[in-house]
Amino acid sequence: MKRSRLFDDLTSASTIFRGTWLILWLTGIILMGCAIDEKPTPATENRTIVNNPALSSRESVAPEDCVNTAWNDSDTALPAFSLHEIELDGFTRKKSGYYSSKQAFIVPEDTLSFQVMAFEDPPSTDPDGIQICSLINPEGDELLPGKCSLWFFGMGRQPVLPDTLTKAGVWTFEVISGKSSGQVFLGLRNNSMPVTRTIVIQPYLTGTSFTTAQIQQAMDRVVAIYANVGIQLVYEPVAQITDSAFETITADFNQDTTVSMVCQSRLSRANLFFVEDLIGGSSSRGSLLGISSGIPGPHGIKSRYSGVLIGLNAHVRGGLSTGTLDIKLLGETAAHEMGHWLGLSHTSERNGDLFDDLDDTPQCPISLAATPSRGVTVDDCRDLDGLNLMFWAAPSNRDLEQTWLTSQQSQVVVQTPIIQ
């Protein structure tokens, strides 16, 4: 199952979409900051760059060498975040897969949030993947009733709802896998709220058709979007990946070339890979704008899922040979997909029957659709969430800005383990 983000003009000859592999996401927020009422405009003067010339290029990684590792490169560990591997006791074969025994971990009193991350070991393209099920808090409450996480790696993130705190004590869970093995990691974020509310981003560029200056312009827009809700994004110099093998990337985080590229990611960063051409997924619906590895993605660990993919050709207006790169749309796509990776879901889905779990994001039901067979569009939902950064579709009217975030959406981001 995949969650997709498309232009809402589905009648056009070349429909383009954004998307993310769907995994279960459990995220919580502490209410602070304020919602924005007006659409922000890009502010290039606000660009912040960290000087790190050593990252002008990165070495490719063989797929078999892309293992789940933590804090093992030159990155500095984040002082408020710690990562721990949970040893699985073994699996029992059942009709629907291999089931682990009930596993336990302890959440300390000073924990702001945590993530439980399960990975196949060794990785595969098994559509059943590995799943986290039956997550139970210290009070005995079942937080995943009848549900399991999906797609190749599993994720649980706590707390769940606004105005709630992570419960300290012994938590339990079970794992279901397509094979009798797996790896599980626990990421703990302590309760020392960051003063600067800063996230550091590492952008990458493949191919030779686009320039680092264009990527910097798009990143300026990403910075401006999140600044409107009090979140400071700092981005490092664009790392150019010169190997021509990475010019065209498949939107499959288990495909060998994609794995080799994504495993160049940095542990304490939000890693955005701007590739010349992004293909795959629902290709019949057009070229891919972008895709995230999950909602949220795995933080504080190096894996094949540690990043976001963004297709540059899909953002060209007027044809690839004579057209121009739509920097505004590119910046909004990067901000949208990074939002998924940090834990944000679509405010409303295409069919107008699924919405995120936050109280302050408007919902756009299918009853408002001018053409129900097309689903809800930006025009249908403009007075609700159509111009929210996390609406499922990008507007067909390129002059519209889709950039606002609510207070609660900002708090989902604030609790990400990599915030500083």
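The structure this text deals with has already been given above.
Notes on the structure in this doc start here. (Residues numbered from 1 in each chain as written. Predicted model: local features only at pLDDT ≥ 70, side-chain atom pairs only at ≥ 80, totals over all residues. Heavy atoms only, no water.)

### With respect to the packing of aromatic side chains
Tallying each qualifying case throughout the model produces eight aromatic pairs. Ring geometry for Phe 105 and Phe 114: centres 5.4 Å apart, planes at 75 degrees, overall edge-to-face. Considered together, Phe 105 and Phe 114 belong to a single accessibility category, that of buried residues. Residues Phe 105 and Phe 173 carry aromatic rings whose centres are separated by 5.9 Å and whose planes lie at 50 degrees to one another, so their mutual orientation is tilted. Residue Phe 105 is found in strand E6 (residues 103-107), and its partner Phe 173 is found in strand E10 (residues 169-177); the two are separated by 68 residues along the sequence. By relative accessible area, Phe 105 is classed as buried at 5%. These aromatic residues form a ring-pair network of at least three members: Phe 105, Phe 114, Trp 171 and Phe 173. A cation over a ring is seen here: Arg 93 above Tyr 98, with NZ or CZ 4.8 Å from the ring centre. Just above the ring of Tyr 99 sits the side chain of Lys 94; from NZ or CZ to the centre is 4.7 Å. (Phe/Tyr/Trp six-rings, centres within 6.5 Å; stacked < 30°, edge-to-face > 60°. Buried < 20%, exposed > 50% of the residue type's maximum accessible area, 1.4 Å probe, protein only. Helix = DSSP H or I, 4+ residues; strand = E, 2+ residues; numbered from the N terminus. Lys NZ or Arg CZ within 6 Å of the ring centre and 35° of its normal.)

### Focus on helix H3 (residues 327-342)
The end-to-end C-alpha distance of H3, which contains 16 residues, comes to 22 Å, matching closely the 22 Å that a straight helix rising 1.5 Å per residue would cover. By the criterion of burial, H3 is predominantly enclosed, with 14 of the 16 residues buried. Remark: Gly 343 follows H3 within two positions and exhibits a positive phi of approximately 120 degrees. (Expected span 1.5 Å × (residues − 1).)

### Thoughts on the pattern of salt bridges
Scanning the model with the defined rule gives eight salt bridges in all. The partner of Arg 221 in a salt bridge is Glu 401, with the nearest N and O atoms 3.7 Å apart. Residue Arg 221 is found in helix H1 (residues 212-227), and its partner Glu 401 is found in the loop between H3 and helix H4 (407-414); the two are separated by 180 residues along the sequence. You can call Glu 401 buried: its relative accessible area is 15%. Across the pair Arg 317 and Asp 326 runs a salt bridge whose closest N-O atoms are separated by 3.7 Å. (Salt bridge = Lys/Arg side-chain N within 4 Å of Asp/Glu carboxyl O.)

### Here's the deal with the environment of Thr 333
Within the fold, Thr 333 resides in helix H3. Along the backbone, Thr 333 and Thr 403 are 70 residues apart, and their C-alpha atoms lie at a distance of 9.9 Å.

### Section: the nonpolar core
Grouped burial of nonpolar side chains is what soluble globular proteins tend to show. Formed by 63 residues in total, the largest nonpolar core has its most connected members in Tyr 226 and Phe 274. If one sorts the elements of this core by residue count, H1 sits on top with seven residues. Those residues in contact with Tyr 226 that sit more than four places away from it in its chain are Ile 231, Leu 233, Ala 335, Met 338, Gly 339, Leu 389, Leu 405 and Val 413. Grouped together as the second largest cluster of nonpolar side chains are 17 residues, Phe 114, Ile 132, Val 175 and Leu 188 included. (Core = buried A, V, L, I, M, F, W, Y, C linked by side-chain atoms within 4.5 Å. Contact = heavy atoms within 4.5 Å.)

### Things to note about a negative patch on the surface
Residues Glu 85, Glu 87, Asp 89 and Asp 121 make up a contiguous surface patch of negative charge. Position of Glu 87 relative to the elements: it lies in the loop between strand E3 (81-86) and strand E4 (91-94). (Patch = residues over 30% accessible without salt bridge, like charges linked within 9 Å, V, L, I, M, F, W, Y side chains within 5 Å. Areas by Shrake-Rupley, 256 points an atom, 1.4 Å probe, with all protein chains shown as cover. Lys, Arg positive; Asp, Glu negative; His and termini not counted. Charge placed at Lys NZ, Arg CZ, Asp CG, Glu CD.)

### Focus on H1
Look at H1: 22 Å from first C-alpha to last across 16 residues, which is about the 22 Å you get at 1.5 Å a residue. Looking at H1, one finds that the buried residues are Ile 215, Gln 216, Ala 218, Met 219, Asp 220, Arg 221, Val 222, Val 223, Ala 224, Ile 225 and Tyr 226. Contact partners of the buried residues in H1: strand E12 (198-206), strand E13 (232-235), strand E16 (270-275), H3 and H4.

### Concerning the pairing of E12
Across the nine residues that make up E12, a large majority, nine, are buried. Of the two faces of E12, the one lined by Thr 198, Val 200, Gln 202, Tyr 204 and Thr 206 and the one lined by Ile 199, Ile 201, Pro 203 and Leu 205 are each fully buried. Regarding topology, H1 serves as the crossover connection from E12 to the parallel E13, and that connection is right-handed. In terms of strand pairing, E12 meets E16 through five bridges, oriented parallel. For Gln 202, the partnering residue across the bridge sits in E16 and is Asn 271. Two strands pair when backbone bridges link them, and E12 and strand E14 (residues 239-241) are joined in this way by three bridges, in the parallel orientation. Opposite Leu 205, over in E14, you have Gln 240 as the bridge partner. (Right-handed = clockwise from strand over helix to strand, strands pointing away. Pairing = 2+ DSSP bridges.)

### Digging into the state of the cysteines
Taken as a whole and judged by the stated rule, the model has one disulfide. Cys 364 shares a disulfide with Cys 381; S-S distance 2.0 Å. Between Cys 364 and Cys 381, the disulfide has an S-S torsion of -80 degrees and is therefore left-handed. With Cys 364 in the loop between H3 and H4 and Cys 381 in the loop between H3 and H4, this residue pair connects regions lying 17 residues apart in the sequence. Residue classification places Cys 381 among the buried positions, given a relative accessible area of 0%. (Disulfide = S-S within 2.5 Å.)

### Some details on the pairing of E10
Taken together, the two bridges between strand E5 (residues 97-100) and E10 define a ladder with antiparallel strand orientation. Residue pairing across strands places Tyr 99 opposite Ile 176, the latter belonging to E10. Both E6 and E10 contribute to a ladder of five bridges, which runs antiparallel. Pairing of Phe 105 across the sheet is with Trp 171, part of E10. Bridge analysis of strand E8 (residues 130-136) against E10 gives five bridges, and the strand direction is antiparallel. Paired with Ile 130 across the bridge in E10 is Ser 177.

As far as function goes, none of this settles anything; it's purely spatial.
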